[in-house]
Amino acid sequence: MTLRSVILGTGSYLPEKKITNHDLSELLDTTHEWIVERTGICARYIAAPGEYTSDMAVEASRRALDAAGLSAQDIDMIILATSTPDHTFPATATRIQSKLGISKGFAFDQSAVCSGFVFALATADTFLKQKMATTALVIGSETMSRILDWNDRRTAVLFGDGAGAVVLQAQAHTDRGIIGSLLRTDGSGYDELYVTGGPSTTQTTGTIHMNGREVFRHAVNRLGEAVEEILKIHGISQEEIDWLVPHQANKRIIDATAKRLGLPDKKVIHTGADQANTSSASIPLALDQAVRDGRIKKGDLVLCEAFAGGFAWGSNLIRM
Ligand code: UT7
């Protein structure tokens with residue numbers, strides 16, 4: 001009996017505080033015009049003092065469970081994609097498990113930075129098909145604001161905080177669910193985008209350092225390949241795709257990928273203007289927004305893609 005991992009519900013959470021480009025231009029040598037022209041970003045949400053990655057993840061998870069019509073007690077696997085855990089260890093996913101009142105199954109964190117959700121969805125899909133669990137929460141949650149150098153205009157304007165989650169359940173006799181995933185890394189890009197601290201190196205948390213131009217160049221090329229390759233592997237044509245749900249790093253990167261797929265902009269979910277780059281949270285945030293506003297419907301074919309530090313990139317094909 002073939003099992004498929006079906007998305008039963010989506011949920012997301014954004015912190016209350018919103019910072020616009022105009023707000024940032026009062027702190028940094030930057031302008032609204034520069035940020036919009038180079039990235040498409042107009043605003044971002046920032047977690048409140050004392051509001052953690054786990055808190056946002058729990059809120060997004062509760063909303064996803066509500067949408068799925070399930071309770072926390074139905075969950076026997078939690079995978080949290082994050083680069084901003086509450087603590088260095090243990091896994092923040094175990095804290096989420098505890099905050100949701102779940103005491104069965106297992107929970108762990110997965111790190112692939114901005115590609116974290118794509119990797120976590122692929123991992124959850126494999127585990128469900130192996131019958132290691134029956135119903136999963138797959139979450140992307142990030143407090144990127146805590147690892148930014150707020151004096152560095154090259155990175156401070158790009159990121160935001162937030163969380164998104166999906167409830168994924170193993171089901172038989174269905175055409176819905178994850179059709180496949182494609183995961184890639186190339187460690188030769190490690191120094192192009194990294195956080196300057198770490199327990200093993202500096203014993204500090206550090207801040208984001210990025211060679212933006214180089215990352216941009218790789219992102220456009222690798223994402224184009226990643227979306228074409230996954231379609232080829234699964235024998236699906238570009239015309240069959242209903243929605244592209246991309247990682248929201250830069251509108252210009254998204255536009256280049258959509259162009260390569262021949263997809264009109266109306267089939268692309270954009271959230272970057274309002275939310276900026278929320279790293280692993282950006283795809284589930286975008287997915288949830290488009291499900292809730294009625295654009296993405298049951299049966300639609302969705303293609304997700306992301307590019308990240310590492311370099312790490314990939315894609316998921318999902319029948320909703
Ligand atoms: O999510 C993980 C993956 N991340 C990405 O995919 C990000 C990829 N990279 C990018 O999105 C773009 O490279 C950036 C948005 C980061 C930068 O855009 P760019 O068009 O590549 O600009 P640049 O880095 O080439 O900088 C152009 C100029 C520089 O000035 P000079 O050297 O030409 O005088 C920068 O110093 O823009 C300057 N600059 C700024 N000016 C105003 C850089 N940041 C700012 C800023 N405001 N915030």
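Residues numbered from 1 in each chain as written. Predicted model: local features only at pLDDT ≥ 70, side-chain atom pairs only at ≥ 80, totals over all residues. Heavy atoms only, no water.

Student: Report on the packing of aromatic side chains, specifying residues and quantitative values.
Tutor: What describes a pair of aromatic rings is the distance from one ring centre to the other and the angle between the planes of the rings. Summed over the entire model, instances satisfying the criterion amount to 5 aromatic pairs. Ring geometry for Phe106 against Phe108: centres 6.3 Å apart, planes inclined by 10°, an arrangement best described as stacked. For Phe108, a relative accessible area of 23% translates into the label partly exposed. Centroid distance Phe108 to Phe127: 6.0 Å. Interplanar angle 40°. Geometry classified as tilted. Of this pair, Phe108 sits in strand β5 (residues 106–110) while Phe127 sits in helix α5 (residues 116–129), and the two are 19 residues apart along the sequence. With relative accessibility at 21%, the residue Phe127 sits in the partly exposed group. Three or more aromatic residues joined by ring pairs form one cluster here, namely Phe106, Phe108 and Phe127. (Phe/Tyr/Trp six-rings, centres within 6.5 Å; stacked < 30°, edge-to-face > 60°. Buried < 20%, exposed > 50% of the residue type's maximum accessible area, 1.4 Å probe, protein only. Helix = DSSP H or I, 4+ residues; strand = E, 2+ residues; numbered from the N terminus.)

Student: Talk me through the pairing of strand β11 (residues 243–246); I want residue IDs and the actual numbers.
Tutor: On β11, burial covers both faces: Trp243 and Val245 on one face and Leu244 and Pro246 on the other are all buried. Taken together, the 4 bridges between β11 and strand β12 (residues 301–308) define a ladder with parallel strand orientation. Looking at the pairing, Val245 lines up with Cys304 of β12. (Pairing = 2+ DSSP bridges.)

Student: Before we move on, can you summarise helix α8 (residues 251–261) with the specific residues and values?
Tutor: What α8 keeps buried is the set Ile253, Ile254, Thr257, Ala258 and Leu261. Taken around the axis of α8, the buried residues stretch over an arc of 135°, which confines them to a single face. Elements that come into contact with the buried residues of α8 comprise α7 (212–233), β11 and β12. A positive backbone phi angle near 70° is found at Gly262, which sits one or two residues after α8. (Arc of directions from axis to C-beta. Contact = heavy atoms within 4.5 Å.)

Student: Lay out the sheet that holds β11 with the relevant residues and their values.
Tutor: Ordered by their spatial adjacency, 4 strands build an open sheet running β8-β13-β12-β11, and the pairing between neighbours is mixed. Taken across any chain shown, the strands that pair with only one partner, and hence form the sheet edges, are β8 (177–185) and β11. Shown here is a sheet whose adjacent strand axes are inclined to one another by a mean of 15°, direction ignored. Across 8 bridges, β8 lies against strand β13 (residues 312–319) in antiparallel orientation. Paired with Ile178 across the two strands is Ile318, which belongs to β13. In the packing of α5 onto the sheet, the strands contacted are β8, β12 and β13, and the crossing angle to β8 comes to about 125°. (Axes fitted to C-alpha atoms, helices over the stretch in contact; angles between N-to-C directions.)

Student: Mind laying out the packing of helix α3 (residues 53–68) against helix α4 (residues 92–99), listing which residues take part and the relevant values?
Tutor: Two elements in contact, α3 and α4, have axes separated by 9 Å at closest approach and are oriented at 55°. Put simply, α3 runs oblique to α4. The two elements α3 and α4 cross, and the hand of that crossing is right-handed. Residues Ser54, Asp55, Ala57, Val58 and Arg62 of α3 form the contact with α4, whose participating residues are Thr92, Arg95, Ile96 and Lys99. Taken together, the residues that form the contact of α3 with α4 break down as 3 nonpolar, 2 polar and 4 charged. (Parallel < 35°, antiparallel > 145°, perpendicular 65-115°, else oblique. Left-handed = near helix turned anticlockwise from the far one by under 90°. Nonpolar A, V, L, I, M, F, W, Y, C, P; charged D, E, K, R; others polar.)

Student: Tell me what's going on with the side chain of Thr143, and back it up with residues and numbers.
Tutor: Residue position: Thr143 is located in strand β6 (residues 135–143). Contact partners of Thr143, with chain neighbours within four places excluded, come to Ala47, Glu51, Tyr52, Thr53, Met56, Thr84 and Asp161.

Student: Summarise the pattern of salt bridges; cite the residues concerned and give the values.
Tutor: One pass over the structure, following the stated rule, counts 14 salt bridges. Salt-bridge contacts for Arg292 lead to Asp288; the nearest nitrogen and oxygen are separated by 2.7 Å. Pair noted here: Arg292 and Asp288 are both in helix α10 (residues 282–292), with a separation of 4 residues, about one helical turn. For Asp288, a relative accessible area of 3% puts it in the buried group. (Salt bridge = Lys/Arg side-chain N within 4 Å of Asp/Glu carboxyl O.)

Student: Which residues make up the nonpolar core, and what values go with them?
Tutor: Within the largest apolar cluster, 40 residues are counted, with the highest numbers of intra-cluster contacts made by Ile208, Leu231, Leu244, Leu261, Leu303, Phe307 and Leu317. Of all the secondary structure elements, the ones that give two or more residues to this core are β10 (208–210), α7, α8, β12 and β13. Ranked by residues supplied to this core, first place goes to α7 with 7 residues. Domain assignment of the residues forming this core places at least three in each of domain 1 (3–172) and domain 2 (177–319). Here Leu303 is in contact with Val227, Ile230, Ile241, Trp243, Leu244, Val245, Leu261, Ser315, Asn316 and Leu317, once residues within four sequence places are set aside. Residues Ala124, Ala136, Val138 and Val302 belong to the second largest nonpolar core, which totals 29 residues. (Core = buried A, V, L, I, M, F, W, Y, C linked by side-chain atoms within 4.5 Å. Domains from an automatic or database assignment.)

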